[in-house]
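The chain contents come next:
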Amino acid sequence: MTHFVPPFPRPITKRGPLVDTLLRPYKFLASRYCSISALIDRAYSMHLGELRLFTTRMYLANQPELVKRILVDEAEDFPKNTIIADMLELLMGDSIFVSNGEVWKRQRRMMDPAFENTRIKIVFGLMLEAVDALVERMEQRSGEMAVDTEMTHVTADIIFRTIFSKPLTANESRLIYAAFIRFQETAYARGMTDAVGFPKWMSVLGYRRARKSAAEIRAILDPLVRVRYDSFHNGEVQTHQDILQSLISIKDEKSGTHFDFRELCEQVAMLFLAGHETSASALSWALYLLAKDQSVQERLHAEALAVLGDRAPAFSDMRKLGLARNVFSETLRLYPPVAFLPRLAAKTCPMRDKVIAAGSMVTVSPWLIHRHRRYWKEPDAFDPDRFDRAESDEALRQSYLPFSKGPRVCLGAAFALQEGTLILASLARRFKFDPVPGFEPKPVGRLTVRSENGIRLIVSKR
């Protein structure tokens, strides 16, 4: 059976000069760099690729054994590349998403129990409140809708409630969405300028724009952290049971210290942005895929009715919504929110037929591995049922990493899967999604994989 193949940047079929190969369709000092458009056709079937940049070399590890070595077995020898910190420092500082070494180990020791205190069962009620608010907003409208904006609002609302125990207003959501889109464009362009080896002065304008966008977002988050931080350290009685309270009160088991205010703000910014942007990206693409594959959408509608009926979803329902989970998981395969995971070779090491010099960039790409021609059947097609077929077991074990792998696996993986399943089932139960005639989204890879021209669908109530 041939399945629907959604849009993705067609790979370069012939290797050209470095600038054409690496920076296609990038106009230097503009903000439209797209990493996934720069890939050559051979990248989707190779095991280890090499690119010679101006000041260093970049290697693309595209084989399951190499991925396991880099992310799991020898993770300390392949720390996060500083390019990530350069891109995100204005917004997230030295948070757990970008830190390395002992700083990262301390943060992880503190973040793990903080997340344990807010397990997915505990936060389900908060998720449901945000999803109910989404359904209510959408029921007041019909016709053509920017679903990527709506998905950003609901996922931001969910993580906002989970961190701060309060809903996110529509105005705050719009401000954060617009600011982060601008931040992605400028910060990613600046980071890639540095990665290629161009002088930093060439990205000064982008740096200023990114700093302004980051400040707009932090202006919403930091004051909320300050009030709670001061309350705790002034000895006042604490009544909240949310992520922020866990982060404020947790102590490092080795040093006995709390997060200071700067650290706390950076971790909250990281959790908020990473916690909603990645899910919003995947959910936006999922709704587009369902609109284009009406048979899967109708099956999902039937599943939602059979499991949920007319009542409110319960936590116990999540394991019964198998198709909703598969649709979300397949979307994460086709459009992994983070397309590339750049690492740094801390020491010289052999890898297949190459010797990787210390200081080289070694990158694992979920985008490439999820579409690898050797490991997946119909790698570019939308086929959520592949998650239930035995023939996919090996690929899913070895070549599926939407949340990364190893010690740096995403803290919020279970959170995101529950969130995605709940939202898709809730929307499929109440609404029908159809494509807008003549519209096709344009995938771009920056900090996350989004559609450059948004995702618009025709939405109607069932």
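Data block above holds the structure.
No experiment lies behind these values; they were computed from the predicted model shown.

## Some thoughts on the pairing of strand S11 (residues 456–461)
Working note: regular strand, side chains alternate between the two faces of the sheet. Where strand S3 (residues 143–146) lies against S11, four bridges are found, and the strand directions are antiparallel. From the neighbouring strand, Glu-144 faces S11, where its bridge partner is Ile-458. Alignment of strand S8 (residues 431–435) against S11, held across five bridges, turns out to be antiparallel. Across the sheet, Phe-433 pairs through a bridge with Val-459, a residue of S11.

## Some points on the packing of aromatic side chains
Taken as a whole and assessed by the stated rule, the structure comprises nine aromatic pairs. Centre to centre, the rings of Phe-124 and Phe-315 are 5.9 Å apart; their planes meet at 80 degrees, and the pair counts as edge-to-face. Separated by 191 residues along the polypeptide, Phe-124 in helix H5 (residues 120–139) and Phe-315 in the loop between helix H11 (294–308) and helix H12 (322–334) bring together distant segments of the chain. Between Lys-80 and the ring centre of Phe-97, over which it is positioned, the NZ or CZ distance is 3.8 Å. Above the plane of the ring of Trp-367 lies Arg-371, whose end atom (NZ or CZ) is 4.4 Å from the centre.

## Topic: the layout of surface pockets
The volume enclosed by the second largest pocket comes to roughly 240 Å³. If you trace the second largest pocket, you find 16 residues lining it, with Ala-75, Glu-76, Gly-101, Trp-104 and Arg-408 closest to the centre. At the level of elements, helix H2 (64–73) and helix H4 (101–116) are the ones that each hand at least two residues to the lining of the second largest pocket. Grouping the amino acids of the lining of the second largest pocket by side-chain chemistry returns seven nonpolar, two polar and seven charged.

## Brief notes about the sheet that holds S8
Taking strand neighbours across the sheet as the criterion, the three strands line up as S3-S11-S8 in an open arrangement whose pairing is antiparallel. The sheet is open, and its two edges are formed by S3 and S8, each paired on a single side. When the angles between neighbouring strand axes are averaged without regard to direction, this sheet yields 40 degrees. Its contacts with the sheet place helix H15 (residues 413–430) against S8 and S11, and it is angled at close to 90 degrees to S8.

## Things to note about helix H3 (residues 82–92)
Taken as a whole, H3 has its buried residues at Ile-83, Ile-84, Met-87, Leu-88, Leu-91 and Met-92. Across the axial projection of H3, the buried residues extend over an arc of 120 degrees, all falling on one side. Backbone geometry just downstream of H3 places Gly-93 in the positive-phi region, at approximately 60 degrees.

## Let's talk about unusual backbone geometry
In this model, Ser-165 sits at a positive phi of 60 degrees, which is unusual for a non-glycine residue. Summarising the element assignment, Ser-165 is placed in the loop between helix H6 (147–164) and helix H7 (170–196). Ser-165 sits in the partly exposed class, given a relative accessible area of 36%. In this model, Ser-404 sits at a positive phi of 70 degrees, which is unusual for a non-glycine residue. Along the chain, Ser-404 turns up in the loop between helix H14 (393–398) and H15.

## Some points on the nonpolar core
Counting residues in each nonpolar core, the largest one holds 121 residues, and the members touching the most others are Trp-367 and Leu-427. Ranked by the residues each element gives to this core, the list is headed by helix H10 (residues 261–292), at 18 residues. Those residues in contact with Trp-367 that lie beyond four places of it in its chain are Phe-8, Pro-9, Ile-36, Leu-39, Tyr-44, Leu-334, Tyr-335, Pro-336, Ala-339 and Val-449. Membership of the second largest hydrophobic core comes to 17 residues, among which are Tyr-59, Leu-66, Leu-71 and Val-364.

## Overview of the side chain of Arg-106
With respect to the helices, strands and loops of the structure, Arg-106 is situated in helix H4. In this structure, Arg-106 is in contact with Asp-252, Ser-255, Thr-257, His-258, Phe-259 and Glu-263, ignoring residues within four places of it in sequence.

## Observations concerning the environment of Arg-119
Within the secondary structure, Arg-119 sits in the loop between H4 and H5. Its relative accessible area of 43% is what places Arg-119 among the partly exposed residues.

## Points about the sheet that holds strand S7 (residues 361–364)
With respect to topology, four strands assemble into an open sheet ordered S1-S2-S7-S4, the strand pairing being mixed. Each edge of the sheet is formed by a strand with only one pairing partner; in this case those strands are strand S1 (48–52) and strand S4 (341–344). For this sheet, the mean inter-axis angle between neighbouring strands, taken without regard to orientation, is 25 degrees. Sheet topology note: the S4/S7 ladder contains four bridges and is antiparallel. Bridge pairing in S7 places Pro-342 opposite Thr-363. Against the sheet, H2 contacts S1, strand S2 (57–61), S4 and S7, and its axis sits at roughly 115 degrees relative to S7.

Definitions and cut-offs
- Residues numbered from 1 in each chain as written.
- Predicted model: local features only at pLDDT ≥ 70, side-chain atom pairs only at ≥ 80, totals over all residues.
- Heavy atoms only, no water.
- Pairing = 2+ DSSP bridges.
- Helix = DSSP H or I, 4+ residues; strand = E, 2+ residues; numbered from the N terminus.
- Phe/Tyr/Trp six-rings, centres within 6.5 Å; stacked < 30°, edge-to-face > 60°.
- Lys NZ or Arg CZ within 6 Å of the ring centre and 35° of its normal.
- 1 Å grid on protein atoms, 1.4 Å probe; cavity = no way out; pocket = protein on both sides within 12 Å on 5 of 7 lines; lining within 4 Å.
- Points joined across faces, edges and corners; volume = space filled by probe spheres on them.
- Nonpolar A, V, L, I, M, F, W, Y, C, P; charged D, E, K, R; others polar.
- Axes fitted to C-alpha atoms, helices over the stretch in contact; angles between N-to-C directions.
- Contact = heavy atoms within 4.5 Å.
- Buried < 20%, exposed > 50% of the residue type's maximum accessible area, 1.4 Å probe, protein only.
- Arc of directions from axis to C-beta.
- Core = buried A, V, L, I, M, F, W, Y, C linked by side-chain atoms within 4.5 Å.

These results come straight from atomic positions and should not be treated as a statement about function.
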